[in-house]
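The primary structure of each chain is shown beneath.
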Amino acid sequence: MSGVEVHADQLAEDYDLIVIGSGPAGHTLSMEYAEKRPMDRILVVESGSRAGASDAQRLAKVQATGDLAARYYPNHNQRRFGGTSMVWNGWCTPLEKAPFLRGEWPFPYEELAAQYPKAAEILQLPKRAVEKPEVPFEENPNVLYRPYYFSPPTRFGVDGPAQRMLDHRSVGILFSHTVTSLVMEGGAVKGVRVRSFASPSSPPLWVTAPRVVVACGGVQNARLLQLSLPGGGLPGRGLPGSGLPALGQCFAEHPHLYGAASIELDHERWLEMCDSGSDRVSHSLALSSEYAHRHGLQMVTLQLPGRTGDPQAANLMGRRRMVLRARVNIRAEMPPSAKNRVSLVRSRKDLFDQSMAAIHLEFSRAEIRESLVHLSRELARAGLGHVGGLPDSVGVTGGGHMMGTTRMGTDDKTSVTDSKGKVHGVDGLYVAGSSLFPSTGSANPTLTIVALALRLANHLTGQEHP
Ligand SMILES: Cc1cc2nc3c(=O)[nH]c(=O)nc-3n(C[C@H](O)[C@H](O)[C@H](O)COP(=O)(O)OP(=O)(O)OC[C@H]3O[C@@H](n4cnc5c(N)ncnc54)[C@H](O)[C@@H]3O)c2cc1C
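Residues numbered from 1 in each chain as written. Predicted model: local features only at pLDDT ≥ 70, side-chain atom pairs only at ≥ 80, totals over all residues. Heavy atoms only, no water.

Engineer: Just checking my understanding: could you explain the overall build of the protein chain for this structure?
Structural biologist: Helix and strand counts for the protein chain come out as 11 helices and 21 strands. By the compact-globule yardstick of 23 Å for 466 residues, the protein chain fits well, its C-alpha radius of gyration being 22 Å. Viewed in the frame of its principal axes, the protein chain has a C-alpha envelope of about 75 × 40 × 40 Å. Per-residue burial for the protein chain yields a buried fraction of 60% across its 466 residues. Across the protein chain, contacts joining residues at least 24 apart in sequence account for 73% of those joining residues at least 6 apart. (Helix = DSSP H or I, 4+ residues; strand = E, 2+ residues; numbered from the N terminus. Rg over C-alpha atoms; globule rule 2.2 N^0.38 Å. Buried < 20%, exposed > 50% of the residue type's maximum accessible area, 1.4 Å probe, protein only. Contact = heavy atoms within 4.5 Å.)

Laid out in structure tokens, this is it:
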């Protein structure tokens, strides 16, 4: 089969692999799989069009309760070739080790770390983004410098990445077609039902494959499974009929608090820590994963100015020096909670007469405050400065990071997939993307999404990392 765009009447009877979605997760998975198994036939089904924004975006509508309004979410699930990478900002850093130290992820951190170099290449990041993701302060190694490097940003639906997929001889892409359900029989996936936005009342097409990867983004991954599995998506009750009670639960964002806390910091020392070799980097302070784990803290990252800061001579901790005084942005981790969830709302349907996703998300400040108190104390112990408290007046918003709704794990009562991303109890059905994250750290997710997609491709092609 030659690569490129496939039209509905050109579909093969069956494929070796169907990948749903062409964002960072689906694109990386398909291309890596295709490189390793060039004789296999892969079909990528993409709800959006090749050309960019289209009416398909209406399918991303949700109902929302809690701290983020319904209008917030569709922007974070772009229905187009390349998915949400077509609007992302490109901030990247590896996930902190803390969630692994807590035993929340079902495999060793080293397996993820092994994928970061290739993931960094795909996202066009400098090598040191993954070779030196954090530098402890000599004065107190409980405090770290954490740089965030910027992808250009890589947009998977245009230029080189798009062309590579369109040119690959074993990958076919079906644009403007939406998978409305996964077909399962006897505990195994058999294929997908697909409908076209151009003719919504036509009967669905039926495409078969022994393996299907759901890579629709953090909200839609849960929704598609809920729409497809028996007993699907009862609000707040997971999936009692399917034996997957965790499906849709533990939805997580990264709380972002802008200009949230005040900091006073030894500027000269801070500049020594900051990477001055790149202008595509943002500088951050954080607690080490080991310290946070020992004290039961959630991860927080304080984003600080580097050379652009405006220091002044002042007394800081009994010594006169150049002091950086700034209000800092905070990006934080939120603890997994079953009350934050994606379920189906039976009374509101999309164009294909399918239940929309209902999202409930509540932020909590208590854990962020506690982490800030520790960070301030450890900074002071280093003799370098301190962080002020978090005023109640500071608002919290999200970062467009949709995580946790199909979490990986070993127990089918508390997780949805196994440690590779295979849905518990369904042979051949896999998930890719940040819905797999059992807990999130404070790092932006896309570098880790790409790393996990590479890891899954290795697994599916029998070329696992040692
Ligand atoms: C404004 C903004 C800024 C961001 N900045 C950053 C950042 O700086 N750093 C960072 O790490 N992350 C950032 N993100 C998040 C980042 O974009 C996502 O983490 C990433 O795109 C998720 O990749 P994905 O492939 O899992 O999902 P997506 O990119 O959302 O792709 C999902 C794809 O699946 C398709 N699809 C969905 N349902 C179906 C269906 N039923 N049938 C067929 N196709 C379907 C969609 O059309 C889409 O193409 C940002 C997001 C936004 C919105």
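The rest of the description comes next.
Engineer: Sorry if this is basic, but what is going on with the environment of Arg381 here?
Structural biologist: Within the secondary structure, Arg381 is located in helix H10 (residues 366-381). Among the residues examined, Arg381 registers a relative accessible area of 58% and is labelled exposed. Considered as a pair, Arg381 and Asn140 are 241 residues apart in the sequence and their alpha carbons are 7.2 Å apart. Setting aside residues up to four positions removed in sequence, Arg381 forms contacts with Asn140 and Asn142.

Engineer: What's the story with the site of the ligand in this structure? I'm lost.
Structural biologist: Glu46, His76, Thr84, Trp91 and Thr446 are the nearest of the 36 residues found near the ligand. Here an oxygen atom of the ligand and a side-chain polar atom of Glu46 are 2.5 Å apart. A distance of 2.9 Å is found between an oxygen atom of the ligand and a backbone nitrogen or oxygen belonging to Trp91. Protein coverage of the free-state accessible area of the ligand, which is 1000 Å², stands at 94%. Those elements giving two or more residues to the shell around the ligand turn out to be helix H1 (24-36), strand E9 (177-185) and helix H11 (446-460). (Near = heavy atom within 4 Å. Polar contact = N/O pair within 3.5 Å; in protein donor to acceptor, adjacent residues only side chain to side chain. Areas by Shrake-Rupley, 256 points an atom, 1.4 Å probe, with all protein chains shown as cover.)

Engineer: Quick question: what am I supposed to make of the pattern of salt bridges here?
Structural biologist: For side chains bearing opposite charge, pairing can occur when the charged atoms are close. Inspection of every chain in the model, using the stated rule, returns 22 salt bridges. A salt bridge links Arg128 to Asp275, with the shortest nitrogen-to-oxygen separation between them at 2.6 Å. Taken together, the residues Arg128 in helix H5 (residues 128-131) and Asp275 in the loop between helix H8 (267-273) and strand E14 (281-287) connect sequence positions 147 residues apart. Among the ionic pairs, Arg325 bridges to Glu264, the shortest N-O distance being 2.4 Å. Taken as a pair, Arg325 in strand E17 (residues 319-332) and Glu264 in strand E13 (residues 256-266) lie far apart in primary sequence, 61 residues in all. Residue Arg325 is classed as partly exposed on the basis of its relative accessible area, which comes to 45%. Among the ionic contacts, a cluster of salt bridges with common partners joins Glu32, Lys36 and Lys118. (Salt bridge = Lys/Arg side-chain N within 4 Å of Asp/Glu carboxyl O.)

Engineer: How do you make sense of empty space enclosed by the protein when you look at a structure like this?
Structural biologist: One way to see where empty space is left: roll a probe the size of a water molecule over the atoms. Scanning all chains against the criterion turns up three cavities of 30 Å³ or more. Each pocket or cavity is described by its volume, and for the largest cavity that value is around 70 Å³. Lining the largest cavity, in full, are Ala60, Val62, Tyr73, Pro74, His76, Asn77, Gly217, Gly218, Val219, Gln220 and Met402. No other element matches helix H7 (residues 218-228), which puts three residues into the lining of the largest cavity. Along the lines of polarity and charge, the residues of the lining of the largest cavity split into six nonpolar, five polar and no charged. The space that makes up the second largest cavity amounts to roughly 40 Å³. Lining the second largest cavity are Met408, Lys420, Val431, Ala432, Leu436, Leu452, Ala453, Arg455 and Leu456. A per-element tally of the lining of the second largest cavity places H11 first, with four residues. (1 Å grid on protein atoms, 1.4 Å probe; cavity = no way out; pocket = protein on both sides within 12 Å on 5 of 7 lines; lining within 4 Å. Points joined across faces, edges and corners; volume = space filled by probe spheres on them. Nonpolar A, V, L, I, M, F, W, Y, C, P; charged D, E, K, R; others polar.)

Engineer: Could you clarify how one ought to interpret the pairing of strand E19 (residues 355-361) in this entry?
Structural biologist: Looking along a regular strand, one sees side chains alternate from face to face of the sheet. Of all seven residues in E19, seven are buried; the element is thus mostly enclosed. Where strand E4 (residues 62-66) meets E19, five bridges bridge the pair, whose relative direction is parallel. Considered in E19, the bridge of Val62 is made with Ala357. Inspection of the sheet shows strand E18 (residues 341-349) paired to E19 by six bridges, in the antiparallel sense. (Pairing = 2+ DSSP bridges.)

So far we have only geometry, and geometry alone does not tell us how the molecule works.
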